[in-house]
Amino acid sequence: MFALRPAARRALTFSAARSFTNASKSFVLPDLPYDYGALEPVISGEIMKLHHSAHHKAYVNNLNIAVEQYKDAEAKNDIAKMISLEPAIRFNGGGHVNHSIFWTNLAPKNQGGGGNPEGDLLKAIEGQFGSVDTVKTQLSTLATGVQGSGWGWLASDKQGKLQVVWRQNQDPVVDLTPLLGIDVWEHAYYLQYKNVRADYVKAIWEVVNWKNVAERYSAAKKQ
Ligand code: MN3
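Treat the numbers as computed from the prediction; the structure is a model and nothing was measured.

**Remarks on the packing of aromatic side chains**
- Taken as a whole and judged by the stated rule, the model has 9 aromatic pairs.
- With a centroid separation of 5.4 Å and 90° between ring planes, the pair formed by Phe-102 and Trp-151 is classed as edge-to-face. Of the two residues, Phe-102 is situated in helix H4 (residues 79–105) and Trp-151 in strand S1 (residues 150–156); the sequence distance between them amounts to 49 residues.
- Plain terms: the ring middles of Trp-151 and Trp-153 are 5.3 Å apart, the flat faces sit at 15° to each other, and that makes the pair stacked.
- With relative accessibility at 0%, the residue Trp-151 sits in the buried group.
- Take Trp-153: its relative accessible area is 0%, and that puts it in the buried class.
- Ring-pair connections join several aromatic residues into one group, and the members of that group are Phe-102, Trp-103, Trp-151 and Trp-153.

Structure below.
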């Protein structure tokens, strides 16, 4: 893209090019890096299809609507309207960010899902938690215990210190770099695991893509 001075860019934004500018910035549902049924028997194809094509898609659609309305309110200096849109941006934006990470955190067993981390991530886990099993247990316990809807995360600070944290609803992890998320909203497991969230959380380790988690860990330390 060509560079414009801020004033010129603003002028372009509010000119005839506006619809083009906004359209080019819309958030898009990412493709899954595997088929809907590829994580079976751990996560059913029916769950994956609904989760991706209906739930995640709705977050993306509603995020785009809210951001569009926010831009209009900003153009009118309508601060009250801008503030009123923040919860929708937080919820749908968080949903989009969280699920975009989640899909890549998982992989079919024949594409690297399951097993154990290697390299720097393995060293960090062993140094800080003692063993991979310990971090799995801590994250599983935390995620299983989230009241209502939310996420459990393995996250890192910029020094590479790992933390196991949870977030309510679709609140994204923003004070740390999220590495591995476990979605414990009922839509993520109920069709298959019914009310037994603990069984879903226990099984999901069989399809964790540790290579993706390790890449996120390396990137977190370079920020
Ligand atoms: Mn979900």
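So that's the structure; there's more coming.
**Some points on the pattern of salt bridges**
- The final tally for this structure, using the stated rule, is 5 salt bridges.
- Note that Glu-206 is salt-bridged to Lys-109, the shortest N-O span being 2.9 Å. Linking Glu-206 in the loop between helix H8 (197–204) and helix H9 (210–222) with Lys-109 in the loop between H4 and helix H5 (119–129), this pair joins segments that are 97 residues apart in sequence.
- Classification of Glu-206 as partly exposed rests on a relative accessible area of 36%.
- With a closest N to O distance of 4.0 Å, Lys-221 and Asp-120 form a salt bridge. Placement of Lys-221 in helix H9 and of Asp-120 in helix H5 is noted, with a sequence separation of 101 residues between them.
- According to the relative accessible area criterion, Asp-120 is partly exposed, its value standing at 45%.

Parameters and conventions
- Residues numbered from 1 in each chain as written.
- Predicted model: local features only at pLDDT ≥ 70, side-chain atom pairs only at ≥ 80, totals over all residues.
- Heavy atoms only, no water.
- Phe/Tyr/Trp six-rings, centres within 6.5 Å; stacked < 30°, edge-to-face > 60°.
- Helix = DSSP H or I, 4+ residues; strand = E, 2+ residues; numbered from the N terminus.
- Buried < 20%, exposed > 50% of the residue type's maximum accessible area, 1.4 Å probe, protein only.
- Salt bridge = Lys/Arg side-chain N within 4 Å of Asp/Glu carboxyl O.

None of the figures reported here should be taken as evidence of function without further support.
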